[in-house]
Amino acid sequence: MSRRRKRVGVSLDPGNISYLPDDEIRMILRGADELINSGGRNMLVKLLKGSKDKKVLEHHLDECPAYGFYRLLTMNEIAKRVDWMIKEDYIRIEYNGRLPMIVFSEKGWEIEEETFAEELYQRFCDELKSGKREIIQEMQNVNRQVVMDVLEKIRVGKNQDFIPMLEEWKSKEVRKVRQKISSVQRSLRDPSAAPELIYGKAGGKSANEISELITKTIREIYPRYYPDGVVEFFCMLHSKERIRMDIQEGNMRVLRMNERIIGTGCLEGNHITRVYVLPEFQNKGYGTRMMLELEKEITEKYDSVVLDASLPACLLYEKLGYKTVRHERINIIDNVIFVYDVMEKKCRK
């Protein structure tokens, strides 16, 4: 009988590191992306140092943009920065058997998603000029949401020269991505065309995209209004598991713009919940569009609509005719109290 081997221990030591600038955070996350579920802290430190270690070179980690970013620092100085990132929950340690592996937190992935998408977009621009098409094949192995982000960047760039390249890419992709590519091509051909907006039920495979949208919106907007404890409470309240359950029950709704989910909402009887619009699409009428669609469904069965209003959304709800009927409070943790309004709108039959 073989003896069970103990897990390799992890001891974090950020030293006197109390802050890292954004560019360093992004580069550490970019390096971590090459090691998710396959490498640990020590390998990440070697990558960032620019080490010629055999394993670093075998896995082509020297091709990562973050390789050698900290070449002027010692391994110990780099390790303290990596440990600070773990302490601040940008990256986490999870065990694969007995070995500790690097994984992203939601906060860290949100940053890396944008960094990686921008890197890929710039490669598309370079290959468009050079006539190469190597990146098209590589996109088959890229996270689906990052793929959608890259396509959105191409749309925003309004460069019609991309149209033939997109056509070649489209022939190699799955249906969902093909639809997005076609949407981007239409937009490039006619930049003046209004964006295609579609409201409807969330599909079973959209839980990840919805979760990322809500988490991104909460972490970007809510710290302006609430302390950290309340922000984390909201993230927990809208966890991926709860969103998946709402989808399964047929309650989750989404607003898509050119195949991308930009807004969400949920129906529970006559109660509206989980209304969120991506920060970059706020103050453009999409929140109002989402609310009107949700109300339309509710008023087919009920004569009033009820919702719980957070501070960032109160003004929108008041403009739409909602009135506060009472205040509620929740004791969260460490004496942090969350107070919110319960609002109602009477609907005409």
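Refer to the structure printed above.
Quantities reported herein were computed from a predicted structural model and do not represent experimental measurements. Residue numbers here run from 1 along each chain, matching the order of that chain's written sequence. Where local features are concerned, this predicted model is filtered to residues with pLDDT of at least 70; where side-chain atom pairs are given and counted, the filter is 80 or more; whole-chain, interface and lining totals use all residues. Only heavy atoms go into the side-chain values, all of them from the structure, while hydrogens and water stay out.

Student: Teacher, can you tell me more about the overall build of the protein here?
Tutor: Helix and strand content of the protein: 14 helices and nine strands. Seen through its C-alpha atoms, the protein measures out along the principal axes to roughly 75 × 55 × 45 Å. Exposed residues in this analysis have more than 50% of their type's maximum accessible area, buried residues have under 20%, and partly exposed residues fall in between, with area computed by a 1.4 Å probe over protein chains only. Counting across all 349 residues of the protein, residues that qualify as buried make up 48%. Contacts between residues were defined by any pair of non-hydrogen atoms, one from each residue, lying within 4.5 Å. Within the protein, counting contacts between residues at least 6 apart in sequence, those at least 24 apart form 66% of the total. For accessible areas, the Shrake-Rupley method is used with a probe of radius 1.4 Å. Any residue's cover is judged against the shown protein chains and nothing else. Carbon and sulfur atoms form 47% of the exposed surface of the protein, whose accessible area is close to 19,200 Å². Positive charges come from Lys and Arg, negative ones from Asp and Glu, while His and the chain ends are left out of the count. Throughout, a charge is located at the NZ atom of Lys, the CZ atom of Arg, the CG atom of Asp or the CD atom of Glu. The positive charge centre, built from 60 side chains, and the negative charge centre, built from 56, are 3 Å apart in the protein. Each helix is a run of DSSP H or I of at least 4 residues and each strand a run of E of at least 2, with the numbering of both proceeding from the N terminus.

Student: Explanation requested: the sheet that holds strand S9 (residues 337-346) in the structure shown.
Tutor: Two orientations exist for strands paired in a sheet by backbone hydrogen bonds: parallel and antiparallel. The mixed open sheet is built from seven strands, whose spatial order is S3-S4-S5-S6-S7-S9-S8. A single partner strand is all that each edge strand has here, and the edge strands are strand S3 (197-201) and strand S8 (323-331). Mean inter-strand twist for the sheet, computed between neighbouring axes without regard to direction, equals 25°. Across six bridges, strand S7 (residues 304-309) lies against S9 in antiparallel orientation. Bridge pairing in S9 links Ala 309 to Asp 341. Fitted lines through C-alpha atoms serve as axes, helices being fitted only where they are in contact, and the angles separating the N-to-C directions of these axes extend from 0 to 180 degrees. Where helix H12 (residues 240-248) meets the sheet, it contacts strand S4 (252-257), strand S5 (260-268) and strand S6 (271-277), and its direction lies at approximately 120° from that of S6. At least two DSSP bridges between two strands are required for those strands to pair.

Student: What am I meant to see in the packing of helix H7 (residues 144-157) against helix H9 (residues 175-189) here?
Tutor: Packed helix pairs are specified by the crossing angle of their axes together with the interaxial distance, meaning the distance between the axes. Two elements in contact, H7 and H9, have axes whose closest approach is 9 Å; the angle formed by their N-to-C orientations is 10°. Taken together, the axis directions place H7 and H9 in an arrangement best described as roughly parallel. For the pair H7 and H9, the contacting residues are Arg 144, Val 147, Met 148, Leu 151, Glu 152, Ile 154 and Arg 155 in the first and Lys 176, Val 177, Lys 180, Ile 181, Ser 183, Val 184, Ser 187 and Leu 188 in the second. Here the contact of H7 with H9 is composed, by residue class, of eight nonpolar, two polar and five charged. Between 65 and 115 degrees an angle is taken as roughly perpendicular, under 35 as roughly parallel, over 145 as roughly antiparallel, and anywhere else as oblique. For this classification, Asp, Glu, Lys and Arg are treated as charged, while Ala, Val, Leu, Ile, Met, Phe, Trp, Tyr, Cys and Pro are nonpolar and the rest, including Gly, are polar.

Student: Would you take a moment to explain the nonpolar core for this structure?
Tutor: Most often, soluble globular proteins keep nonpolar side chains buried together rather than apart. Side-chain atoms within 4.5 Å link the members of a nonpolar core, which is a set of buried Ala, Val, Leu, Ile, Met, Phe, Trp, Tyr and Cys residues. Counting residues in hydrophobic clusters, the biggest one holds 56 residues, and the most contacted among them are Ile 91, Ile 154 and Trp 169. For this core, the element with the most residues is helix H5 (residues 106-130), which contributes eight residues. Once residues within four sequence positions are removed from consideration, Ile 91 is found in contact with Leu 29, Ala 32, Leu 44, Val 82, Met 85, Ile 86, Ile 102, Val 103, Phe 104 and Ser 105. The next biggest cluster of nonpolar side chains, apart from the first, holds 51 residues, and it includes Ile 221, Phe 234, Leu 255 and Cys 266.

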